[in-house]
Amino acid sequence: MRVASIHTYPVKGCRRTDRDTARVEPWGLDGDRRWLIVDEQGIGLTQRQHRELVTVRAVSRPGGLTLDAPGLAPLDLAEPTGGEEIRVRVFRGRPPAPVRAAGPEADDWLRRLLGRAARLVWLGEPTGNRVPWPVPAGSGAELSFADGSPLLLASTASLDALNGWLQESGSIEGPLPMDRFRPNLVVSGAGPWAEGGWVGRRIRIGGAVFHGVGECGRCLVATIDQETGERGREPLWMLAARRKVGQKLLFGLQMTVRAEPGEARTVSVGDTVRVLD
């Protein structure tokens, strides 16, 4: 098994950045979801409310990022290390996280994009943002603005199996691309749904070791075309028919980062993937 592709999402809910290699930090891959767009109450905005976020390309650089979207001039921002300190929530039911506000220039840019008041914030210290559930011994509890775990892994074989089901059903929505599931690491060479057997196990990928926390329950964002913003009904209908466990529609593996000594702690496309125990 090998890493087929690596993706980070500098601003949560916006377009992905494709990577050849990434540094592994306790809270996930470097540059992944350290920025968040929030409403007037400090609650994160997502593609569920604003599908136009799929058009926002955020490019990270050391010390800042650039935002770009159709119809708007690119906006270059520095990390607001001295910005206003506020507390925000990724979701209404999640604990608040301490952040820095990017400032009025970024907020005005977002208002013109979304047609509503919004603020851009930066998570300068992820160690202050904690996973809202117990983590295995040896795993980091820190979290970026990810939904519930530092990283998401997906398998090309599982996507092929899902698309096979869509084809058999006669669905006009398939085949679906991997970007519907917004993974960080895509793995090739595993069997379909093999990642479900990695829950509770250690997984070495390149120079880092991870812990399989659980299979990922999918939400409405998976039905949104990540190029156009158009919404359909798949893959949720097919997952409900074939991959429903309890109240969750499962695709992908959520992972935490293990604190293993002596690691290079990087992952690269082509790296070997091994399940250790």
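So, here is what we can say about the structure in this document. (Residues numbered from 1 in each chain as written. Predicted model: local features only at pLDDT ≥ 70, side-chain atom pairs only at ≥ 80, totals over all residues. Heavy atoms only, no water.)

Here the focus is the sheet that holds strand E4 (residues 28-29). Across the sheet, which stays open at both edges, the 3 strands sit in the order E4-E3-E18 with antiparallel pairing between neighbours. At either margin of the open sheet sits one strand with a lone partner, and together these are E4 and strand E18 (266-268). Bridge count between strand E3 (residues 21-25) and E4: 2 bridges; the pairing is antiparallel. Across the sheet, residue Glu25 finds its bridge partner in E4, namely Gly28. (Pairing = 2+ DSSP bridges. Helix = DSSP H or I, 4+ residues; strand = E, 2+ residues; numbered from the N terminus.)

Here we take up the pattern of salt bridges. The final tally for this structure, using the stated rule, is 17 salt bridges. Close ionic contact of Arg15 with Glu227 constitutes a salt bridge, the shortest N to O distance being 3.2 Å. Placement of Arg15 in the loop between strand E1 (2-8) and strand E2 (17-19) and of Glu227 in the loop between strand E15 (208-217) and helix H3 (236-242) is noted, with a sequence separation of 212 residues between them. Note on Arg15: relative accessible area 15%, which makes it buried. A salt bridge links Arg202 to Asp277; its shortest N-O distance comes to 2.7 Å. Placement of the pair is Arg202 in strand E14 (residues 202-205) and Asp277 in the segment after strand E19 (273-275), with a sequence separation of 75 residues. Of the residues examined, Arg202 reaches a relative accessible area of 24% and is grouped as partly exposed. The structure contains a network of salt bridges with shared partners spanning Arg16, Asp18 and Asp179. (Salt bridge = Lys/Arg side-chain N within 4 Å of Asp/Glu carboxyl O. Buried < 20%, exposed > 50% of the residue type's maximum accessible area, 1.4 Å probe, protein only.)

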